[in-house]
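# Secondary and tertiary structure notes
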Amino acid sequence: MPPNLRIVFVGLLNTPDNKIDKVALVVDMRSRAFFEDIQSIVTELTDNTSVNFKLLFLDANDTELVSRYVIIKIKGYCKMAFQKWLQKNAN
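Residues numbered from 1 in each chain as written. Predicted model: local features only at pLDDT ≥ 70, side-chain atom pairs only at ≥ 80, totals over all residues. Heavy atoms only, no water.

Helix and strand counts for the protein chain stand at three helices and zero strands. Its helices and strands taken in sequence order, the protein chain reads α-α-α from the N to the C terminus. Against the globule reference of 12 Å for 91 residues, the protein chain gives a C-alpha radius of gyration of 20 Å, more extended than a compact globule. Taking the principal axes of the C-alpha coordinates as reference, the protein chain spans close to 60 × 40 × 20 Å. Restricting the contact set of the protein chain to residue pairs at least 6 apart, pairs at least 24 apart contribute 57%. Surface accessibility of the protein chain: about 8,400 Å² in total, with carbon and sulfur atoms responsible for 61%. Here the protein chain carries 12 positive and 10 negative side-chain charges, and the mean point of each set is 15 Å from the other. (Helix = DSSP H or I, 4+ residues; strand = E, 2+ residues; numbered from the N terminus. Rg over C-alpha atoms; globule rule 2.2 N^0.38 Å. Contact = heavy atoms within 4.5 Å. Areas by Shrake-Rupley, 256 points an atom, 1.4 Å probe, with all protein chains shown as cover. Lys, Arg positive; Asp, Glu negative; His and termini not counted. Charge placed at Lys NZ, Arg CZ, Asp CG, Glu CD.)

Right under this line is the structure:
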């Protein structure tokens, strides 16, 4: 989610009929276009007493990210192929 949408998102969570009590927002720091806004967003969420805000920083090298992406793609392809096989052989 682009960081500048967090105001709308937090506003939706603060509506009286909201039934959501836990949410995770993700910002990919490789998207440098939003990097300048991060400090003010963290400050704003930390200062907001209606939000139980926690910041979690995860880091991985490019090799690890690429290998995870490949595994996810392979699993997705295998699942899709199996579903097609099931549909074809269901009769």
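And the narrative resumes.
A few words now on the packing of aromatic side chains. Note on aromatic pairs: each is described by the distance of the centres and the angle between the planes. Applying the stated criterion to the full structure yields one aromatic pair. Judged by centre distance (6.1 Å) and plane angle (15 degrees), the ring pair of Phe-82 and Trp-85 falls under stacked. Remark: Trp-85 and Phe-82 occur in helix H3 (residues 62-89); sequence separation between them is three residues, near one turn of the helix. (Phe/Tyr/Trp six-rings, centres within 6.5 Å; stacked < 30°, edge-to-face > 60°.)

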